[in-house]
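Architecture and fold: a report
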Amino acid sequence: MTPARFAQGGKGERIGYASARTPFGWMIVGATERGLCWLSLAATRAEAESTLLAEFPSATTRRDPSISRWIDTALASVREGNDLVRKPAAPQVPTERLDLRGTVFQLRVWQALRQIPRGETRSYSQLAREMGNPKATRAVARACATNRVAILVPCHRVVGVDASLTGYRWGVDRKERLLEAEQS
């Protein structure tokens, strides 16, 4: 999705989506022809689907059951450690096809998040240091808050400097359940 189209609420984009109940609540995934652009968690199916429509109000959206493979990929990432960078999921799943739009810095943060091994966490300041920009703690936190692809870009693996479960776009209780699932 071009930055201009994203800024216009997805105007001119065609986004297929699928949703399913998961151990972490209702999950919705949305994808353009270029890859996954949305993965959100919510309490109900209607709430999950409304997140996609709110993020891309000008896009043409349609239910597409074939996209549910992304839900399976996300759940495998939590359950089995099929992190996209390290261990791709089944060959039929296009694991590297993410359609992410953000600033250069946000994209760097999202890539750094994908490098945190399953079951491990980093503080916002630790992640900023690892990225070579130790004064960017708040910018790292903001990039995590604007992540549009939960779980596969694992912002849930970032915690406060005291290991507290700080804010999470999809709820701190979900963040806790995701981290617990990754530990088992």
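Conventions and cut-offs
Residues numbered from 1 in each chain as written. Predicted model: local features only at pLDDT ≥ 70, side-chain atom pairs only at ≥ 80, totals over all residues. Heavy atoms only, no water. Phe/Tyr/Trp six-rings, centres within 6.5 Å; stacked < 30°, edge-to-face > 60°. Helix = DSSP H or I, 4+ residues; strand = E, 2+ residues; numbered from the N terminus. Buried < 20%, exposed > 50% of the residue type's maximum accessible area, 1.4 Å probe, protein only. Core = buried A, V, L, I, M, F, W, Y, C linked by side-chain atoms within 4.5 Å. Contact = heavy atoms within 4.5 Å. Pairing = 2+ DSSP bridges. Axes fitted to C-alpha atoms, helices over the stretch in contact; angles between N-to-C directions. Polar contact = N/O pair within 3.5 Å; in protein donor to acceptor, adjacent residues only side chain to side chain. Expected span 1.5 Å × (residues − 1). Parallel < 35°, antiparallel > 145°, perpendicular 65-115°, else oblique. Nonpolar A, V, L, I, M, F, W, Y, C, P; charged D, E, K, R; others polar.

**Brief notes about the packing of aromatic side chains**
On inspection of all chains with the given rule, the structure shows two aromatic pairs. A ring pair is formed by W38 and F56, whose centres lie 6.2 Å apart and whose planes are at 85 degrees; its orientation type is edge-to-face. Of the two residues, W38 is situated in strand β3 (residues 35-42) and F56 in the loop between α2 (45-55) and β4 (60-63); the sequence distance between them amounts to 18 residues. Ring centres 5.4 Å apart and planes at 70 degrees place the aromatic pair Y168 and W170 in the edge-to-face group. Taken as a pair, Y168 and W170 share a single burial class, namely buried.

**Re the nonpolar core**
Counting residues in each nonpolar core, the largest one holds 39 residues, and the members touching the most others are L39, V109, L113, L127 and I151. For this core, the elements supplying multiple residues, two or more each, are β2 (25-32), β3, α3 (69-80), α4 (104-114), α5 (124-130) and α6 (137-145). Sort the elements by how many residues they give to this core and α3 lands first, with five residues. The residues touching L113, leaving out its near neighbours within four places in the chain, are L127, C144, V153, P154, C155, R157 and V158.

**Structural notes on unusual backbone geometry**
Positive phi is not limited to glycine here, since I151 has a value of about 70 degrees. Along the polypeptide, I151 turns up in the loop between α6 and β6 (158-159). On the basis of relative accessibility, which here comes to 1%, the residue I151 falls in the buried class. Of note, A163 is a non-glycine position whose phi angle comes to about 70 degrees, a positive value. Note on placement: A163 falls in the loop between β6 and α7 (172-183). Judged by relative accessible area, A163 falls into the exposed class, the value being 54%.

**Quick word on the sheet that holds strand β1 (residues 14-22)**
The mixed open sheet is built from four strands, whose spatial order is β3-β2-β1-β4. Pairing within the sheet leaves two strands with one partner each, and these edge strands are β3 and β4. With direction set aside, neighbouring strand axes in the sheet form an average angle of 25 degrees. Judged from the seven bridges that link them, β2 and β3 form a sheet pairing that is antiparallel. Along β3, the bridge assignment pairs A31 with L36.

**Considerations on the environment of R138**
Looking at where R138 falls in the secondary structure, it is placed in helix α6. In sequence terms R138 and A128 are ten residues apart; their C-alpha atoms lie 8.9 Å from each other.

**Observations regarding the side chain of N147**
On the secondary structure map, N147 appears in the loop between α6 and β6. A distance of 2.7 Å separates a polar atom in the side chain of N147 from the backbone oxygen of V153. N147 has contacts with W110, V153, C155, R169 and W170, leaving out every residue within four places of it along the chain.

**Let's talk about α3**
An α-helical turn contains 3.6 residues, so a residue and the one three or four places further along point in the same direction. Compared with an ideal rise of 1.5 Å per residue, which puts twelve residues at 16 Å, α3 spans 16 Å between its outermost C-alpha atoms and is within 8% of the ideal. Considered for burial, the residues of α3 that qualify are W70, I71, T73, A74, L75, A76, S77 and V78. In this structure, the buried side of α3 is in contact with β1, β2, β3 and α7.

**Comments concerning the packing of α4 against α6**
Between α4 and α6, the shortest axis-to-axis distance is 9 Å and the interhelical angle comes to 80 degrees. Relative to α6, α4 is oriented roughly perpendicular. Only A139, V140, A143 and C144 of α6 make contact with α4, whose side of the interface consists of F105, Q106, V109, W110 and L113. Here the residues of the contact of α4 with α6 are counted per class, giving eight nonpolar, one polar and no charged.

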